[in-house]
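Chain by chain, the residues:
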Amino acid sequence: MAQITIDGSTPVTFHCDETDTIMRAALRSGIGFPYSCNVGACGNCRFQLLEGEVEHVQSSPRAWTERDEKRQRYLGCQARPKTDCRIKLRTDEQYEPGTRPVPATARLLAKTALTHDMTEFALELDTPLSFLAGQYALLGTPAIDSPRAYSMCNVSGGDTQWNFQIKRVPGGAMTEQLFDHLQPGDTLTFDGPFGTAYLREDSDRDILCLAGGSGLSPMIAIARAAAEHPQLTQKRLDFVFGGRRPDDMCGEDLLSELPGFGATLHYHPAISEDVPADEWAGLRGFVHDVALQLFGEELRDKEIYFAGPPLMAQAVQKMLFDLKVPFDQVHFDEFY
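Residues numbered from 1 in each chain as written. Predicted model: local features only at pLDDT ≥ 70, side-chain atom pairs only at ≥ 80, totals over all residues. Heavy atoms only, no water.

Participant: Is there a simple way to think about the sheet that holds strand 17 (residues 283-284) in this case?
Facilitator: Pairing between sheet strands relies on hydrogen bonds along the backbone, with the strands arranged either parallel or antiparallel. A sheet is described by the order of its strands in space; here six strands give the open sequence 17-16-15-14-18-19, paired in parallel fashion. The open sheet has two edge strands with one neighbour each: strand 17 and strand 19 (330-331). Bridge count between strand 18 (residues 302-307) and strand 19: two bridges; the pairing is parallel. Bridging across to strand 19, tyrosine 305 finds its partner in histidine 331. Across the face of the sheet, helix 7 (residues 310-322) comes into contact with strand 14 (206-212), strand 18 and strand 19 while running at roughly 160° to strand 18. (Pairing = 2+ DSSP bridges. Helix = DSSP H or I, 4+ residues; strand = E, 2+ residues; numbered from the N terminus. Contact = heavy atoms within 4.5 Å. Axes fitted to C-alpha atoms, helices over the stretch in contact; angles between N-to-C directions.)

Shown next, in the form of structure tokens:
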């Protein structure tokens with residue numbers, strides 16, 4: 001067990017097990033350690049090592065550069081301590097976890113196909129845990145080198161069942177395990193919850209959810225939680241879901257089960273590929289373009305949540321920035 005000290009006028013100290021990462025150990029201690037993706041791709045958890053020795057879980061994390069190495073900068077989500085360490089970074093209270101993440105074991109209960117390449121996986125944890133709608137967890141198996149991040153689609157009651165809507169990634173090691181090898185009764189490693197793109201229950205604004213691909217999962221959780229929350233049930237919620245072709249479309253049947261569907265809750269599916277009119281009569285275009293087309297300057301007055309492929313997320317961010325939507329009304333976790 002290593003002692004980690006965050007340098008500053010008032011140093012903060014916490015302990016990190018040799019099998020844990022510095023960032024996750026900080027979050028388990030309730031410390032607001034900045035992060036987003038949790039898998040070494042975004043670089044938001046970068047810190048400077050002042051004293052001690054660490055090693056990365058992955059030998060060459062995507063967001064770690066040669067310049068970082070020369071300057072003794074490491075990624076918090078990848079760095080494991082080999083000794084006691086003193087580090088430098090600026091903590092932020094917005095990253096302080098409402099529910100502290102916990103490593104656990106999960107058992108696969110069931111798989112339910114949603115589309116030709118998307119499936120909902122129901123997992124049962126070995127201990128009851130809570131999470132906020134829109135958050136994610138890390139799932140892993142012995143067959144892959146490091147865990148992958150997936151968002152929950154259900155609403156937490158502090159019980160043991162966590163559901164994930166996951167899209168198959170061609171050549172993806174983890175989705176190959178999930179889709180082709182894991183069967184009900186098999187176990188996975190689990191760590192969570194993580195993420196800051198959770199439902200803001202105290203907001204008085206109408207809600208917009210923008211989803212593409214497996215970004216459906218956290219947005220479905222947001223919609224489900226909003227439909228249950230007394231302060232939000234009368235707010236309008238618009239849900240834009242984008243895919244390439246008609247056979248990618250899903251989510252309407254899940255949303256239609258919620259109170260207010262068609263009245264305060266509205267579903268807007270859109271495809272981006274050019275298909276004949278007799279195959280698709282609905283909206284066409286990328287998610288960010290469809291959102292701008294539907295809502296225009298009204299976007300500035302909404303609480304906006306989005307999740308999806310990196311190119312979609314980048315396009316949505318640019319569109320909202322260009323429209324001068326206040327940053328504190330926009331919620332997403334940065335994945336690559």
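Participant: Whenever I open this one, the sheet that holds strand 9 (residues 118-125) confuses me. Can you help?
Facilitator: Pairing in this open sheet of six strands is antiparallel, and the strands run 11-10-13-8-9-12 from one edge to the other. Across the chains shown, the open sheet's two edge strands, defined by having one partner strand only, are strand 11 (148-151) and strand 12 (161-167). Averaged over all adjacent pairs, the angle separating strand axes in this sheet is 40°, with direction ignored. As judged from the seven bridges shared by strand 9 and strand 12, these two strands associate in the antiparallel manner. Within strand 12, the position partnered with glutamate 124 by the bridge is glutamine 161. This element, helix 4 (residues 216-228), spans strand 9, strand 11 and strand 12 of the sheet and lies at about 135° to strand 12.

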